[in-house]
Amino acid sequence: MYKVDNPKNNYKNVAHAFFLSLAITIAEPSTVLPLIIEHFSQSVVIVGLFVSLLRGGAIIIQLYAAFHAQAYKKVLPYLGKVFFFRWLSWFSIGVSIYFIGDSNKTLTLVFIGIGLFFFSFSAGFGAIYFKELQAKLFSKRYRGKTMANRQVAGSVASIISGGIAGYVLGNFEAPLNYAYLFIVSSFIMGIGFMIFVTIDEPTKENVQVKEKHFGLFVKNSLKILKADKRLQLQIAAIFLSFSYYLSMPFVILHVNQSITLTGWMLGGFIMVQMIGSIVGSSLLWRKISNYERMLSLSFVFMITAFSIAFFAHNIYLYALIFFLFGVALDGFNISGMNLVIEIAPEEKRPIYTALQTNISSFGLFFPILGGMLLKFFGSYSFVYGITIGLLVLGLLLSFGLKNETIYKKVI
(Lines give C-alpha, C1' and ligand atoms only; values in the text may rest on other atoms or scores of the structure.)
Protein backbone atom coordinates (compact mmCIF):
# COMPACT_ATOMS: atom_id res chain seq x y z
CA MET A 1 0.00 0.00 0.00
CA TYR A 2 1.31 3.45 -0.91
CA LYS A 3 2.62 5.50 2.04
CA VAL A 4 1.44 9.12 2.12
CA ASP A 5 3.88 11.60 3.76
CA ASN A 6 6.83 9.38 2.90
CA PRO A 7 9.97 11.02 4.42
CA LYS A 8 12.02 9.96 1.38
CA ASN A 9 9.72 11.94 -0.89
CA ASN A 10 10.03 14.88 1.47
CA TYR A 11 13.84 14.75 1.31
CA LYS A 12 13.80 14.65 -2.47
CA ASN A 13 11.24 17.44 -2.58
CA VAL A 14 13.47 19.61 -0.39
CA ALA A 15 16.67 18.68 -2.26
CA HIS A 16 15.04 19.71 -5.54
CA ALA A 17 14.24 23.12 -4.04
CA PHE A 18 17.82 23.51 -2.82
CA PHE A 19 19.52 22.87 -6.15
CA LEU A 20 16.91 24.77 -8.17
CA SER A 21 17.24 27.86 -5.97
CA LEU A 22 21.03 27.56 -6.01
CA ALA A 23 20.81 27.79 -9.79
CA ILE A 24 18.11 30.34 -10.60
CA THR A 25 18.89 32.92 -7.92
CA ILE A 26 21.53 34.32 -10.26
CA ALA A 27 18.62 35.70 -12.33
CA GLU A 28 16.53 36.87 -9.36
CA PRO A 29 13.95 39.33 -10.77
CA SER A 30 14.37 41.75 -7.87
CA THR A 31 18.16 42.07 -8.12
CA VAL A 32 20.39 40.46 -10.75
CA LEU A 33 18.13 40.13 -13.80
CA PRO A 34 17.25 43.85 -14.03
CA LEU A 35 20.95 44.75 -13.99
CA ILE A 36 21.76 42.13 -16.64
CA ILE A 37 19.08 43.50 -18.95
CA GLU A 38 20.10 47.09 -18.20
CA HIS A 39 23.62 46.20 -19.37
CA PHE A 40 22.29 45.37 -22.83
CA SER A 41 19.50 47.97 -22.89
CA GLN A 42 19.07 51.26 -21.03
CA SER A 43 15.26 51.11 -21.29
CA VAL A 44 13.29 50.47 -18.09
CA VAL A 45 10.43 49.21 -20.26
CA ILE A 46 12.72 46.51 -21.68
CA VAL A 47 13.79 45.62 -18.15
CA GLY A 48 10.13 45.19 -17.19
CA LEU A 49 9.46 43.12 -20.30
CA PHE A 50 12.27 40.68 -19.62
CA VAL A 51 11.34 40.27 -15.95
CA SER A 52 7.85 39.37 -17.18
CA LEU A 53 9.31 36.87 -19.65
CA LEU A 54 11.04 35.02 -16.80
CA ARG A 55 7.67 34.18 -15.24
CA GLY A 56 4.93 35.16 -17.70
CA GLY A 57 5.55 32.65 -20.47
CA ALA A 58 3.75 30.00 -18.42
CA ILE A 59 0.40 31.74 -18.66
CA ILE A 60 -0.60 30.80 -22.18
CA ILE A 61 -0.11 27.06 -21.75
CA GLN A 62 -1.44 26.10 -18.32
CA LEU A 63 -5.04 25.49 -19.31
CA TYR A 64 -3.84 23.27 -22.14
CA ALA A 65 -1.57 21.41 -19.70
CA ALA A 66 -4.50 20.90 -17.33
CA PHE A 67 -6.65 19.63 -20.21
CA HIS A 68 -4.32 16.67 -20.59
CA ALA A 69 -3.23 16.33 -16.94
CA GLN A 70 -6.77 15.73 -15.66
CA ALA A 71 -6.70 12.27 -17.28
CA TYR A 72 -3.17 11.31 -16.19
CA LYS A 73 -2.84 8.66 -13.50
CA LYS A 74 0.82 9.66 -13.12
CA VAL A 75 2.41 12.99 -14.03
CA LEU A 76 6.09 12.41 -13.15
CA PRO A 77 7.10 11.08 -16.61
CA TYR A 78 5.76 14.26 -18.21
CA LEU A 79 7.42 16.45 -15.57
CA GLY A 80 10.77 14.89 -16.48
CA LYS A 81 10.39 16.14 -20.05
CA VAL A 82 9.55 19.60 -18.74
CA PHE A 83 12.69 19.59 -16.62
CA PHE A 84 14.90 18.81 -19.62
CA PHE A 85 13.38 21.62 -21.69
CA ARG A 86 13.80 24.12 -18.83
CA TRP A 87 17.44 23.09 -18.39
CA LEU A 88 18.15 23.50 -22.10
CA SER A 89 16.54 26.97 -22.18
CA TRP A 90 18.58 28.16 -19.19
CA PHE A 91 21.84 26.79 -20.58
CA SER A 92 21.21 28.47 -23.96
CA ILE A 93 21.02 31.91 -22.30
CA GLY A 94 24.53 31.53 -20.92
CA VAL A 95 25.87 30.27 -24.25
CA SER A 96 24.36 33.22 -26.16
CA ILE A 97 25.81 35.77 -23.74
CA TYR A 98 29.24 34.09 -23.92
CA PHE A 99 29.47 33.85 -27.70
CA ILE A 100 27.61 37.04 -28.71
CA GLY A 101 27.64 39.38 -25.72
CA ASP A 102 28.51 43.01 -26.38
CA SER A 103 29.41 42.40 -30.03
CA ASN A 104 25.70 42.59 -30.84
CA LYS A 105 23.69 43.65 -27.80
CA THR A 106 20.36 43.56 -29.62
CA LEU A 107 20.89 39.98 -30.80
CA THR A 108 22.02 38.96 -27.32
CA LEU A 109 18.84 40.43 -25.87
CA VAL A 110 16.79 38.48 -28.42
CA PHE A 111 18.40 35.19 -27.39
CA ILE A 112 18.05 36.01 -23.69
CA GLY A 113 14.39 36.78 -24.27
CA ILE A 114 13.82 33.53 -26.16
CA GLY A 115 15.56 31.54 -23.43
CA LEU A 116 13.60 33.22 -20.64
CA PHE A 117 10.32 32.77 -22.49
CA PHE A 118 10.76 29.05 -23.10
CA PHE A 119 12.12 28.53 -19.57
CA SER A 120 8.88 30.07 -18.31
CA PHE A 121 6.69 28.51 -21.01
CA SER A 122 7.73 24.99 -20.04
CA ALA A 123 7.04 25.86 -16.40
CA GLY A 124 3.38 26.21 -17.41
CA PHE A 125 3.25 22.44 -17.77
CA GLY A 126 5.53 21.94 -14.78
CA ALA A 127 3.37 23.99 -12.40
CA ILE A 128 0.31 21.80 -13.06
CA TYR A 129 2.26 18.57 -12.64
CA PHE A 130 4.15 19.83 -9.57
CA LYS A 131 1.01 20.89 -7.67
CA GLU A 132 -0.70 17.64 -8.59
CA LEU A 133 2.27 15.74 -7.13
CA GLN A 134 2.29 17.77 -3.91
CA ALA A 135 -1.41 17.01 -3.41
CA LYS A 136 -0.88 13.28 -4.06
CA LEU A 137 2.26 12.85 -1.98
CA PHE A 138 1.46 14.76 1.20
CA SER A 139 -1.46 15.35 3.59
CA LYS A 140 -2.58 18.93 4.34
CA ARG A 141 -0.56 19.35 7.56
CA TYR A 142 2.53 17.57 6.23
CA ARG A 143 2.33 19.46 2.94
CA GLY A 144 2.54 22.78 4.79
CA LYS A 145 5.67 21.56 6.56
CA THR A 146 7.37 20.16 3.48
CA MET A 147 6.65 23.35 1.54
CA ALA A 148 8.10 25.41 4.38
CA ASN A 149 11.11 23.07 4.37
CA ARG A 150 11.42 23.64 0.62
CA GLN A 151 11.39 27.38 1.18
CA VAL A 152 14.07 27.16 3.89
CA ALA A 153 16.28 24.89 1.77
CA GLY A 154 15.78 27.14 -1.24
CA SER A 155 16.61 30.21 0.82
CA VAL A 156 19.81 28.66 2.22
CA ALA A 157 20.80 27.77 -1.33
CA SER A 158 20.00 31.29 -2.47
CA ILE A 159 22.23 32.76 0.23
CA ILE A 160 25.08 30.60 -1.05
CA SER A 161 24.18 31.59 -4.61
CA GLY A 162 24.12 35.26 -3.62
CA GLY A 163 27.66 34.99 -2.27
CA ILE A 164 28.83 33.23 -5.42
CA ALA A 165 27.07 35.80 -7.61
CA GLY A 166 28.69 38.62 -5.67
CA TYR A 167 32.13 37.07 -6.19
CA VAL A 168 31.62 36.44 -9.91
CA LEU A 169 30.10 39.85 -10.59
CA GLY A 170 32.85 41.58 -8.60
CA ASN A 171 35.80 39.71 -10.11
CA PHE A 172 34.87 39.24 -13.78
CA GLU A 173 33.92 41.81 -16.37
CA ALA A 174 30.41 42.05 -17.80
CA PRO A 175 28.98 40.40 -19.79
CA LEU A 176 31.24 37.34 -19.35
CA ASN A 177 30.36 37.21 -15.66
CA TYR A 178 26.67 36.85 -16.58
CA ALA A 179 27.51 34.06 -19.03
CA TYR A 180 29.51 32.17 -16.39
CA LEU A 181 26.62 32.41 -13.94
CA PHE A 182 24.06 30.97 -16.35
CA ILE A 183 26.27 28.17 -17.72
CA VAL A 184 27.49 26.89 -14.35
CA SER A 185 24.07 27.23 -12.71
CA SER A 186 22.43 25.16 -15.47
CA PHE A 187 24.39 22.09 -14.37
CA ILE A 188 23.48 22.71 -10.72
CA MET A 189 19.84 22.96 -11.81
CA GLY A 190 20.18 19.60 -13.57
CA ILE A 191 21.13 17.91 -10.29
CA GLY A 192 17.92 19.08 -8.67
CA PHE A 193 15.84 17.90 -11.60
CA MET A 194 17.42 14.45 -11.59
CA ILE A 195 16.73 14.03 -7.87
CA PHE A 196 13.07 15.03 -8.15
CA VAL A 197 12.19 12.61 -10.95
CA THR A 198 13.12 9.69 -8.65
CA ILE A 199 10.19 10.51 -6.32
CA ASP A 200 7.80 7.62 -5.66
CA GLU A 201 4.49 8.74 -7.19
CA PRO A 202 1.22 6.93 -6.42
CA THR A 203 -1.28 6.09 -9.15
CA LYS A 204 -4.30 8.38 -9.19
CA GLU A 205 -7.48 6.34 -9.42
CA ASN A 206 -10.07 9.13 -9.37
CA VAL A 207 -9.33 10.80 -12.71
CA GLN A 208 -11.49 13.09 -14.81
CA VAL A 209 -12.69 11.88 -18.22
CA LYS A 210 -10.99 14.17 -20.72
CA GLU A 211 -13.21 16.17 -23.07
CA LYS A 212 -13.14 15.41 -26.77
CA HIS A 213 -11.35 18.64 -27.64
CA PHE A 214 -9.63 21.56 -25.92
CA GLY A 215 -12.37 24.07 -26.78
CA LEU A 216 -14.94 22.04 -24.86
CA PHE A 217 -12.53 21.81 -21.93
CA VAL A 218 -12.16 25.60 -21.82
CA LYS A 219 -15.93 26.00 -21.93
CA ASN A 220 -16.40 23.57 -19.03
CA SER A 221 -13.57 25.22 -17.07
CA LEU A 222 -15.24 28.61 -17.39
CA LYS A 223 -18.48 27.06 -16.09
CA ILE A 224 -16.58 25.85 -13.01
CA LEU A 225 -15.10 29.31 -12.51
CA LYS A 226 -18.49 30.99 -12.85
CA ALA A 227 -20.10 28.61 -10.35
CA ASP A 228 -17.38 28.80 -7.68
CA LYS A 229 -17.55 32.21 -5.96
CA ARG A 230 -14.75 31.33 -3.57
CA LEU A 231 -12.41 30.54 -6.46
CA GLN A 232 -13.26 33.86 -8.11
CA LEU A 233 -12.35 35.91 -5.05
CA GLN A 234 -9.25 33.83 -4.41
CA ILE A 235 -8.01 34.43 -7.96
CA ALA A 236 -8.64 38.18 -7.62
CA ALA A 237 -6.68 38.36 -4.35
CA ILE A 238 -3.76 36.34 -5.70
CA PHE A 239 -3.72 38.40 -8.92
CA LEU A 240 -3.32 41.55 -6.82
CA SER A 241 -0.56 39.88 -4.81
CA PHE A 242 1.50 40.01 -8.01
CA SER A 243 1.20 43.82 -8.05
CA TYR A 244 4.52 43.94 -6.19
CA TYR A 245 6.02 43.27 -9.62
CA LEU A 246 4.93 46.77 -10.61
CA SER A 247 7.88 48.11 -8.59
CA MET A 248 10.11 45.28 -7.39
CA PRO A 249 12.37 44.96 -10.49
CA PHE A 250 13.08 48.70 -10.34
CA VAL A 251 14.04 48.94 -6.68
CA ILE A 252 17.56 47.70 -7.48
CA LEU A 253 17.83 50.30 -10.28
CA HIS A 254 16.78 52.95 -7.75
CA VAL A 255 19.49 51.66 -5.40
CA ASN A 256 22.02 51.93 -8.22
CA GLN A 257 21.12 55.59 -8.60
CA SER A 258 21.14 56.33 -4.86
CA ILE A 259 24.38 54.64 -3.82
CA THR A 260 27.39 53.14 -5.57
CA LEU A 261 26.29 49.55 -6.15
CA THR A 262 29.05 46.95 -6.29
CA GLY A 263 28.91 43.27 -7.15
CA TRP A 264 29.35 42.40 -3.48
CA MET A 265 26.50 44.71 -2.46
CA LEU A 266 24.27 43.05 -5.04
CA GLY A 267 25.18 39.63 -3.72
CA GLY A 268 24.56 40.94 -0.21
CA PHE A 269 21.04 42.08 -1.10
CA ILE A 270 20.31 38.62 -2.51
CA MET A 271 21.58 37.04 0.70
CA VAL A 272 19.52 39.39 2.89
CA GLN A 273 16.38 38.64 0.87
CA MET A 274 16.94 34.93 1.31
CA ILE A 275 17.61 35.35 5.03
CA GLY A 276 14.19 36.98 5.16
CA SER A 277 12.82 33.94 3.38
CA ILE A 278 14.41 31.60 5.94
CA VAL A 279 13.19 33.63 8.89
CA GLY A 280 9.68 33.79 7.43
CA SER A 281 9.49 30.09 6.64
CA SER A 282 11.16 28.87 9.84
CA LEU A 283 9.56 31.16 12.41
CA LEU A 284 6.26 32.09 10.83
CA TRP A 285 4.91 30.30 7.74
CA ARG A 286 5.61 26.73 8.85
CA LYS A 287 3.51 27.40 11.97
CA ILE A 288 0.47 28.67 10.06
CA SER A 289 -1.91 26.13 8.52
CA ASN A 290 -4.56 28.79 7.86
CA TYR A 291 -3.49 29.78 4.36
CA GLU A 292 -5.99 32.65 4.15
CA ARG A 293 -4.28 34.26 7.14
CA MET A 294 -0.89 33.55 5.57
CA LEU A 295 -1.92 35.38 2.40
CA SER A 296 -3.10 38.41 4.39
CA LEU A 297 0.12 38.60 6.42
CA SER A 298 2.15 38.39 3.22
CA PHE A 299 0.33 41.44 1.90
CA VAL A 300 1.17 43.30 5.12
CA PHE A 301 4.89 42.51 4.85
CA MET A 302 5.01 43.58 1.19
CA ILE A 303 3.13 46.83 1.87
CA THR A 304 5.59 47.60 4.66
CA ALA A 305 8.55 47.01 2.34
CA PHE A 306 7.34 49.47 -0.30
CA SER A 307 6.37 52.00 2.38
CA ILE A 308 10.00 52.01 3.53
CA ALA A 309 11.13 52.39 -0.11
CA PHE A 310 9.60 55.88 -0.16
CA PHE A 311 12.30 57.27 2.11
CA ALA A 312 15.12 54.72 1.81
CA HIS A 313 18.45 56.45 1.23
CA ASN A 314 21.13 54.13 2.56
CA ILE A 315 22.24 50.52 2.30
CA TYR A 316 20.68 49.53 5.63
CA LEU A 317 17.15 50.61 4.72
CA TYR A 318 17.44 48.95 1.32
CA ALA A 319 18.64 45.77 3.06
CA LEU A 320 15.52 45.90 5.26
CA ILE A 321 13.37 46.22 2.13
CA PHE A 322 14.92 43.13 0.58
CA PHE A 323 14.56 41.25 3.88
CA LEU A 324 10.82 41.99 3.91
CA PHE A 325 10.63 40.96 0.24
CA GLY A 326 11.98 37.55 1.24
CA VAL A 327 9.43 37.09 4.03
CA ALA A 328 6.47 38.18 1.91
CA LEU A 329 7.34 36.28 -1.27
CA ASP A 330 7.54 32.96 0.56
CA GLY A 331 4.17 33.62 2.17
CA PHE A 332 2.61 34.41 -1.22
CA ASN A 333 4.09 31.26 -2.78
CA ILE A 334 3.07 28.85 -0.02
CA SER A 335 -0.42 30.25 0.50
CA GLY A 336 -1.24 30.52 -3.20
CA MET A 337 -0.40 26.89 -3.90
CA ASN A 338 -2.15 25.48 -0.84
CA LEU A 339 -5.30 27.58 -1.15
CA VAL A 340 -6.17 26.09 -4.53
CA ILE A 341 -5.36 22.56 -3.39
CA GLU A 342 -7.68 22.98 -0.39
CA ILE A 343 -10.78 24.03 -2.33
CA ALA A 344 -10.39 21.80 -5.41
CA PRO A 345 -12.15 18.41 -5.74
CA GLU A 346 -9.58 15.68 -6.40
CA GLU A 347 -10.73 14.88 -9.93
CA LYS A 348 -10.84 18.59 -10.86
CA ARG A 349 -7.61 19.63 -9.15
CA PRO A 350 -5.64 20.26 -12.38
CA ILE A 351 -8.51 22.41 -13.68
CA TYR A 352 -8.72 24.48 -10.49
CA THR A 353 -4.93 24.86 -10.45
CA ALA A 354 -4.86 25.98 -14.06
CA LEU A 355 -7.72 28.43 -13.63
CA GLN A 356 -6.14 30.10 -10.61
CA THR A 357 -2.62 30.12 -11.99
CA ASN A 358 -3.61 31.06 -15.53
CA ILE A 359 -5.76 34.04 -14.58
CA SER A 360 -3.84 35.35 -11.57
CA SER A 361 -0.53 35.05 -13.40
CA PHE A 362 -1.48 37.87 -15.72
CA GLY A 363 -0.11 39.85 -12.79
CA LEU A 364 3.32 38.70 -13.92
CA PHE A 365 3.08 41.36 -16.63
CA PHE A 366 2.96 44.14 -14.03
CA PRO A 367 6.71 44.83 -14.61
CA ILE A 368 5.93 46.03 -18.14
CA LEU A 369 3.35 48.48 -16.81
CA GLY A 370 5.76 49.52 -14.06
CA GLY A 371 8.48 50.22 -16.62
CA MET A 372 6.10 52.31 -18.72
CA LEU A 373 4.93 54.31 -15.69
CA LEU A 374 8.52 54.88 -14.60
CA LYS A 375 9.52 56.02 -18.08
CA PHE A 376 6.52 58.36 -18.44
CA PHE A 377 6.46 59.90 -14.94
CA GLY A 378 10.16 59.45 -14.06
CA SER A 379 9.30 58.94 -10.39
CA TYR A 380 10.04 55.84 -8.35
CA SER A 381 7.83 57.17 -5.55
CA PHE A 382 4.86 57.38 -7.91
CA VAL A 383 5.26 53.73 -8.94
CA TYR A 384 5.72 52.69 -5.30
CA GLY A 385 2.49 54.51 -4.41
CA ILE A 386 0.48 52.73 -7.12
CA THR A 387 1.94 49.43 -5.97
CA ILE A 388 0.94 50.01 -2.35
CA GLY A 389 -2.61 50.94 -3.42
CA LEU A 390 -3.02 47.68 -5.35
CA LEU A 391 -1.54 45.65 -2.49
CA VAL A 392 -3.94 47.23 0.00
CA LEU A 393 -6.84 46.28 -2.28
CA GLY A 394 -5.52 42.70 -2.40
CA LEU A 395 -5.23 42.69 1.40
CA LEU A 396 -8.88 43.69 1.73
CA LEU A 397 -9.95 40.91 -0.66
CA SER A 398 -7.88 38.38 1.30
CA PHE A 399 -9.91 39.23 4.41
CA GLY A 400 -12.99 38.15 2.45
CA LEU A 401 -11.55 34.66 1.99
CA LYS A 402 -11.87 34.09 5.72
CA ASN A 403 -15.56 34.88 5.86
CA GLU A 404 -18.01 33.16 3.54
CA THR A 405 -20.68 35.86 3.91
CA ILE A 406 -18.18 38.56 3.00
CA TYR A 407 -16.91 36.99 -0.19
CA LYS A 408 -20.43 36.21 -1.39
CA LYS A 409 -21.24 39.91 -1.05
CA VAL A 410 -18.02 40.94 -2.78
CA ILE A 411 -18.61 38.70 -5.78
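Nothing here was measured: the structure is a model prediction, and the numbers come from that model.

A few words now on the overall build of the protein chain. When helices and strands are counted, the protein chain shows 18 helices and zero strands. Over its C-alpha trace the protein chain gives a radius of gyration of 20 Å, about what one expects of a compact globule, namely 22 Å for 411 residues. Split into buried and exposed, the 411 residues of the protein chain put 59% on the buried side. Counting contacts in the protein chain only where the partners sit at least 6 residues apart, residues at least 24 apart contribute 86% of the total. A total of about 16,500 Å² of accessible surface is found on the protein chain, and carbon and sulfur atoms cover 67% of it. Within the protein chain, the 17 negative side-chain charges are centred at a point lying 5 Å from the centre of the 33 positive side-chain charges.

What follows deals with the packing of helix H1 (residues 7-24) against helix H8 (residues 176-196). Two elements in contact, H1 and H8, have axes whose closest approach is 8 Å; the angle formed by their N-to-C orientations is 165 degrees. Judged on the interaxial angle alone, H8 and H1 are roughly antiparallel. When the axes of H1 and H8 are compared, the crossing they make is left-handed. Residue-level contacts link Lys-12, Asn-13, Ala-15, His-16, Phe-19, Leu-20, Leu-22, Ala-23 and Ile-24 of H1 to Ser-185, Ile-188, Met-189, Ile-191, Gly-192, Phe-193, Ile-195 and Phe-196 of H8.

Time to look at the layout of surface pockets. Considered as a void within the structure, the largest pocket measures approximately 210 Å³ in volume. Around the largest pocket, the lining residues are Val-32, Leu-35, Glu-38, His-39, Leu-169, Asn-177, Tyr-178, Asn-256, Leu-261, Thr-262, Gly-263 and Leu-266. For the lining of the largest pocket, the elements supplying multiple residues, two or more each, are helix H2 (32-40), H8 and helix H12 (263-283). Of all the elements, H2 adds the most residues to the lining of the largest pocket, at four residues. When its residues are assigned to classes, the lining of the largest pocket shows six nonpolar, five polar and one charged.

Between the first and last C-alpha of helix H13 (residues 291-309) there are 27 Å, a value that for 19 residues agrees with the 27 Å anticipated at 1.5 Å per step. Structurally, the start of H13 carries an N-cap: the backbone nitrogen of Glu-292 is 3.2 Å from a side-chain oxygen of Asn-290.

Further remarks concern the pattern of salt bridges. Scanning the model with the defined rule gives five salt bridges in all. Of the charged contacts, one joins Glu-132 and Lys-204 as a salt bridge, the two residues approaching to 3.0 Å between their closest N and O atoms. Pair noted here: Glu-132 is in helix H6 (residues 105-137) and Lys-204 is in the loop between H8 and helix H9 (214-227), with a separation of 72 residues, a long-range link. There is no split in this pair, since Glu-132 and Lys-204 are both buried. Residue Glu-132 pairs with Arg-349 through a salt bridge whose shortest N-O separation is 3.3 Å. Residue Glu-132 is found in helix H6, and its partner Arg-349 is found in helix H15 (residues 349-360); the two are separated by 217 residues along the sequence. Beyond isolated ion pairs, a larger network of salt bridges with shared partners links Glu-132, Lys-204 and Arg-349.

Below, the discussion takes up unusual backbone geometry. Excluding glycine, residues mostly carry a negative phi; peptide bonds, for their part, are mostly trans. Across the junction of Ala-174 and Pro-175, the peptide omega takes the value 5 degrees, indicating a cis bond. You can see Pro-175 is positioned in the loop between helix H7 (140-171) and H8.

One finds Tyr-129, Tyr-244, Ile-252, Met-302, Phe-306 and Phe-325 to be the most contacted residues of the largest nonpolar core, which totals 129 residues. In terms of residue count, helix H14 (residues 315-343) provides more of this core than any other element does, 15 residues in total. Setting aside residues no more than four positions away along its own chain, Phe-306 makes contact with Tyr-244, Ser-247, Met-248, Val-251, Phe-325, Tyr-384, Thr-387, Ile-388 and Leu-391.

In total, this model carries 43 aromatic pairs according to the counting rule given. When the centroid spacing of 4.2 Å and the interplanar angle of 5 degrees are considered together, the rings of Phe-83 and Phe-193 count as stacked. Taken together, the positions of Phe-83 in helix H5 (residues 76-99) and Phe-193 in helix H8 put the pair 110 residues apart, joining distant regions of the chain. With a relative accessible area of 7%, Phe-83 lands in the buried category. Ring plane angle 90 degrees and centroid distance 6.2 Å describe the contact between Phe-310 and Tyr-384, whose orientation is recorded as edge-to-face. Placement of the pair is Phe-310 in the loop between H13 and H14 and Tyr-384 in helix H17 (residues 380-400), with a sequence separation of 74 residues. We classify Phe-310 as partly exposed; its relative accessible area is 38%.

Before going further, it helps to examine the confidence of the model for the protein chain. On average, residues of the protein chain score 88 in pLDDT, and 97% of them reach the 70 mark or higher. Ignoring residues within four places in sequence, the model shows residues 404-411, a span with pLDDT below 50, making eleven contacts including any to other chains.

This brings us to the side chain of Ser-186. In this fold, Ser-186 is placed in helix H8. Take Ser-186: its relative accessible area is 0%, and that puts it in the buried class.

Time to look at the environment of Asn-171. Mapping Asn-171 onto the fold places it in helix H7. In this structure the C-alpha to C-alpha distance between Asn-171 and Trp-264, which are 93 residues apart in sequence, comes to 9.6 Å. Engagement of the side chain of Asn-171 in a polar contact is seen with the backbone oxygen of Tyr-167, the distance being 2.7 Å.

Bringing the environment of Phe-193 into the picture now. For Phe-193, a relative accessible area of 5% puts it in the buried group. In sequence terms Phe-193 and Lys-105 are 88 residues apart; their C-alpha atoms lie 31 Å from each other. Contacts of Phe-193, omitting those with residues within four sequence positions, involve His-16, Leu-20, Phe-83, Arg-86 and Trp-87.

For the rest of this paragraph, the subject is a nonpolar patch on the surface. Together, Tyr-98, Phe-99, Tyr-167, Phe-172, Leu-176, Tyr-180 and Trp-264 make up a nonpolar patch on the protein surface, roughly 770 Å² of accessible area in all. Contributing elements (two or more residues each) for the nonpolar patch: H5 and H8. Relative to the assigned elements, Phe-99 resides in helix H5. Judged by its relative accessible area of 64%, Phe-99 is exposed.

Analysis parameters
- All chains use their own residue numbering, which begins from 1 and follows the written sequence.
- Given that the model is predicted, a residue must reach a pLDDT of at least 70 before its local features are reported, and side-chain atom pairs must reach 80 or more before they are shown or counted; all residues, however, enter totals for whole chains, interfaces and linings.
- Values shown for side chains rest on all heavy atoms present in the structure; no hydrogens or waters enter the calculation.
- Runs of E in the DSSP output that reach at least two residues are strands. Runs of H or I that reach at least four are helices, and both are numbered from the N terminus.
- Just to be clear, the radius of gyration here is over C-alpha atoms, and the globule rule we use is 2.2 Å times residues to the power 0.38.
- Think of it in three bands: residues with accessible area under 20% of the maximum for their type are buried, residues over 50% are exposed, and the middle band is partly exposed, with areas taken using a 1.4 Å probe on protein chains only.
- Two residues qualify as a contact provided that any one of their heavy atoms is within 4.5 Å of a heavy atom in the partner residue.
- Accessibility throughout is a Shrake-Rupley quantity obtained with a 1.4 Å probe, and a residue counts as covered only by protein chains that appear here.
- Under the counting rule used here, the positive set is Lys and Arg, the negative set is Asp and Glu, and His together with the chain ends is not counted.
- A charged residue contributes its charge at one atom only: NZ of Lys, CZ of Arg, CG of Asp or CD of Glu.
- Orientation is described by lines fitted to C-alpha atoms, with helices fitted over the stretch in contact, and by angles between N-to-C directions that extend from 0 to 180 degrees.
- What sets the label is the angle itself: under 35 degrees gives roughly parallel, over 145 gives roughly antiparallel, 65 to 115 gives roughly perpendicular, and the rest give oblique.
- Each helix crossing is assigned a hand: it is left-handed if the near helix lies turned anticlockwise from the far helix by less than a right angle, otherwise right-handed if that turn is clockwise.
- Grid spacing is 1 Å over the protein atoms alone, the probe is 1.4 Å, and a cavity is where that probe fits but cannot get out, while a pocket is an open set with protein on both sides within 12 Å along at least five of seven lines and lining residues have an atom within 4 Å of a point.
- Grid points are joined across faces, edges and corners, and a volume is the space filled by probe spheres set on the points.
- Each residue gets one of three labels, nonpolar for Ala, Val, Leu, Ile, Met, Phe, Trp, Tyr, Cys and Pro, charged for Asp, Glu, Lys and Arg, and polar for the others, Gly among them.
- To estimate how far a helix should reach, multiply one less than its number of residues by 1.5 Å.
- We define a polar contact as two N or O atoms separated by no more than 3.5 Å, with the added condition that, inside protein, one atom must be a possible hydrogen donor and the other a possible acceptor, whereas residues neighbouring each other in sequence contribute only through side-chain atom pairs.
- Note on definitions: salt bridges are taken to be side-chain nitrogens of Lys or Arg within 4 Å of carboxyl oxygens of Asp or Glu.
- Residues belong to a common nonpolar core when they are buried Ala, Val, Leu, Ile, Met, Phe, Trp, Tyr or Cys residues joined through side-chain atoms within 4.5 Å.
- Working definition: rings of Phe, Tyr and Trp (its six-membered ring) pair if their centres are within 6.5 Å, and the pair is stacked with planes under 30 degrees apart, edge-to-face with planes over 60 apart, and tilted otherwise.
- Per residue, pLDDT captures the predictor's confidence, and it can take any value from 0 to 100.
- The patches reported here contain residues having more than 30% relative accessible area and no salt bridge. Joining distances are 9 Å for like charges and 5 Å for nonpolar side chains (Val, Leu, Ile, Met, Phe, Trp, Tyr).

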